[in-house]
Amino acid sequence: MKTKINPLIIVTGLLIGIAAVVLTKFGNPKNMGFCIACFIRDIAGTTKLHSAGVVQYLRPEIVGIVLGSTIMAFASGEWRAKAGSSPALRFILGFMVMVGALIFLGCPLRMVIRMGGGDLNAFVGLAGFVVGILIGVVFLKKGFGLKRNYDTTNLDGLVLPVVLVVLFVLFMISWPVLSKYVADVKAGVEGAKNTASFAISTSGPGSMHAPIMMALIVGLIVGVLAQKSRMCMVGGIRDIVMFKNFNLIIGFVCVFIAVLVGNVVLGNFKGFSTLSQPIAHSSQVWNFLGMVIVGWGSCLLGGCPLRQLILAGEGNGDSAVTVIGMLVGAAFAHNFALAGGADPGMVDGAYKVFSLSNNGKLAAICCLIALLIISCTNLKAEEK
Amino acid sequence: MVDARGFSCPKPVLMVDEEIKKNNPSELVVLVDNRTAEKNVTNHAESLGYKVTHEKEGRDFKLTLNK
């Protein structure tokens, strides 16, 4: 079977990889130039849906990606407000994808960026991701399907883009207060107080970010390109297995190559290892199972977290619900201590591996059971 | 005819694939409602040896597969 490779997928993959390295150079956390899951989690933090102090920031990249998709969809005549496809199931699938991603510490995009940064734990994540997609494909082949969607009002389709823009504007209005608070805390000013309505990290990944306008513009460009190229990390592997189509996987590979080369050029690459990787752990069972959940859940949803943002930007209300599910999932992941964390590293002369909480382990098992139930109960549930 | 309107990726391609495998039609009309599905169905049908003609029907796409 011949595969038509869309040149735009190569451009998009390379650009996302370069953007990830550049955004990290300008302040984003290491191996986290782009991470849809982490960035949505940070937005959940800054809006006080959770109170994990180290992951609270309104990531402009997310606003840019959705808005870029919206602009491109209108410009190319592809905007179409649709909704009504099993919204509650999509919400819970988005929720579980986020829990899985935060157990692993990254969405599929960050997984590839981590791989390009030399993090071998991400390769274990990749194995889990592939297994998750393969399980999803088995159910797709058996007739799994969520219900069809229907045309809806433009206002319905615009909800997520508009909410994100309004949040961003409010965040920018608060920015002078927020940035002064962060500066005061870093300078050790006694009694420094955040008087803004948004929460903001003063340390940890949430405090590390590229300049706001740079992040927004990069997000916009990625949104435009990903809308046009249909970039999808899940679709890449799924299409190879189901249709022997290699188009989307090319984007996946291009991200990896661009990040690897970018890291080597900037001197960030220190070889491949599982130990002491930035914002990552080497608890491999949970790296693997976390990404099984992400792969399986995303396969049932029809696309990875990045693709959900793009579809939401095109007017797909079901994907908007999925993104809100991810936002709530992120809040739960931190409020109930389900999320993974970095390895403590060298302690008393021995390397200490991060240990996932019992809550996290239980949540992962519950997600896998729930995915199985959803997969089995929606076979041949389509048509008319 | 396969009416794949309202279904998201990769369902339209699977519906077409199922119909082709079941009945091996020499002509098949497929309705889809977004450009991603239009492209994916076209690519898949062409890879199976079909020639695809495209028509716009309102906001939807009518694909006619022939071989």
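Small disclaimer: the values here were computed from a predicted structure and weren't measured.

Enquirer: Any chance you could explain the overall build of chain B here in plain terms?
Expert: Scanning chain B from terminus to terminus reveals 2 helices and 4 strands. Starting at the N terminus, the α and β elements of chain B follow one another as β-α-β-α-β-β. Radius of gyration (C-alpha) of chain B: 10 Å, near the 11 Å computed for a compact globule of 67 residues. Expressed along its principal axes, the backbone C-alpha trace of chain B runs to roughly 30 × 20 × 20 Å. Taking all 67 residues of chain B together, 51% fall into the buried category. Counting only contacts in chain B whose residues sit at least 6 apart along the sequence, the fraction spanning at least 24 positions is 58%. For chain B, the accessible surface area stands at approximately 3200 Å², while carbon and sulfur atoms represent 47% of it. Between the centroid of the 11 positive side chains of chain B and the centroid of its 11 negative side chains there is a distance of 3 Å.

Enquirer: Would you mind going over the overall build of chain A with me for this structure?
Expert: Of regular secondary structure, chain A possesses 14 helices and 4 strands. Along the first, second and third principal axes, the C-alpha set of chain A runs to 65 × 50 × 40 Å. Per-residue burial for chain A yields a buried fraction of 58% across its 384 residues. Residue pairs at least 24 apart in sequence account for 79% of intrachain contacts in chain A once pairs closer than 6 positions are excluded.

Enquirer: Please explain the interface of chain B and chain A as it appears in this structure.
Expert: One frequently used descriptor of interface size is the decrease in accessible area upon assembly of the parts. Between chain B and chain A, the residue contacts involve 21 residues of the former and 27 residues of the latter. Where chain B touches chain A, the interface holds 3 salt bridges. Joining chain B to chain A, the criterion identifies 10 residue pairs in polar contact (both at pLDDT 80 or more). Counting residues per element, the ones that place at least two in the side of chain B that touches chain A are α1 (11–23) and α2 (35–47) of chain B. The element that contributes the greatest number of residues to the side of chain B that touches chain A is α2 of chain B, accounting for 6 residues. Among the residues forming the side of chain B that touches chain A, the class breakdown is 7 nonpolar, 6 polar and 8 charged.

Enquirer: What is the right way to look at the sheet that holds strand β3 (residues 51–57) of chain B in this model?
Expert: The strands making up a sheet associate through hydrogen bonds between their backbones, and the pairing can be parallel or antiparallel. Residues and elements named next belong to chain B. The 4 strands are arranged β1-β2-β4-β3 in an open sheet whose pairing can be described as mixed. This sheet does not close on itself; its edge strands, each paired only once, are β1 (2–3) and β3. In this sheet, strand β2 (residues 27–32) lies alongside β1 in parallel orientation, the contact comprising 2 bridges. The residue bridging Val2 from the neighbouring strand is Val30, located in β2. Running at roughly 165° to β2, α1 makes contact with β1, β2 and β4 (60–66) of the sheet. Across the face of the sheet, α2 comes into contact with β2, β3 and β4 while running at roughly 5° to β4.

Enquirer: Sorry, what's going on with the packing of aromatic side chains here?
Expert: The description of an aromatic ring pair uses the distance of the two centres, along with the angle that the planes make with each other. Residues and elements named next belong to chain A. Here the structure, examined in full by the defined rule, presents 11 aromatic pairs over all chains. Relative to Phe171, the ring of Tyr57 has its centre 5.7 Å away and its plane inclined at 80°; by these criteria the two rings are edge-to-face. Note that Tyr57 is positioned in the loop between α2 (36–46) and α3 (60–75) and Phe171 in helix α7 (residues 154–186), a separation of 114 residues in sequence. In this structure, Tyr57 and Phe171 share a single accessibility class: buried. Pairing Phe332 with Phe336 gives two aromatic rings, centres 5.2 Å apart and planes at 25°, and the pair type is stacked. Cluster of aromatic residues (ring-pair linked, three or more members): Tyr57, Phe171, Trp175 and Phe198.

Reading the values: rules and limits
- Residues numbered from 1 in each chain as written.
- Chains lettered and ligands numbered in written order.
- Predicted model: local features only at pLDDT ≥ 70, side-chain atom pairs only at ≥ 80, totals over all residues.
- Heavy atoms only, no water.
- Helix = DSSP H or I, 4+ residues; strand = E, 2+ residues; numbered from the N terminus.
- Rg over C-alpha atoms; globule rule 2.2 N^0.38 Å.
- Buried < 20%, exposed > 50% of the residue type's maximum accessible area, 1.4 Å probe, protein only.
- Contact = heavy atoms within 4.5 Å.
- Areas by Shrake-Rupley, 256 points an atom, 1.4 Å probe, with all protein chains shown as cover.
- Lys, Arg positive; Asp, Glu negative; His and termini not counted.
- Charge placed at Lys NZ, Arg CZ, Asp CG, Glu CD.
- Salt bridge = Lys/Arg side-chain N within 4 Å of Asp/Glu carboxyl O.
- Polar contact = N/O pair within 3.5 Å; in protein donor to acceptor, adjacent residues only side chain to side chain.
- Nonpolar A, V, L, I, M, F, W, Y, C, P; charged D, E, K, R; others polar.
- Pairing = 2+ DSSP bridges.
- Axes fitted to C-alpha atoms, helices over the stretch in contact; angles between N-to-C directions.
- Phe/Tyr/Trp six-rings, centres within 6.5 Å; stacked < 30°, edge-to-face > 60°.

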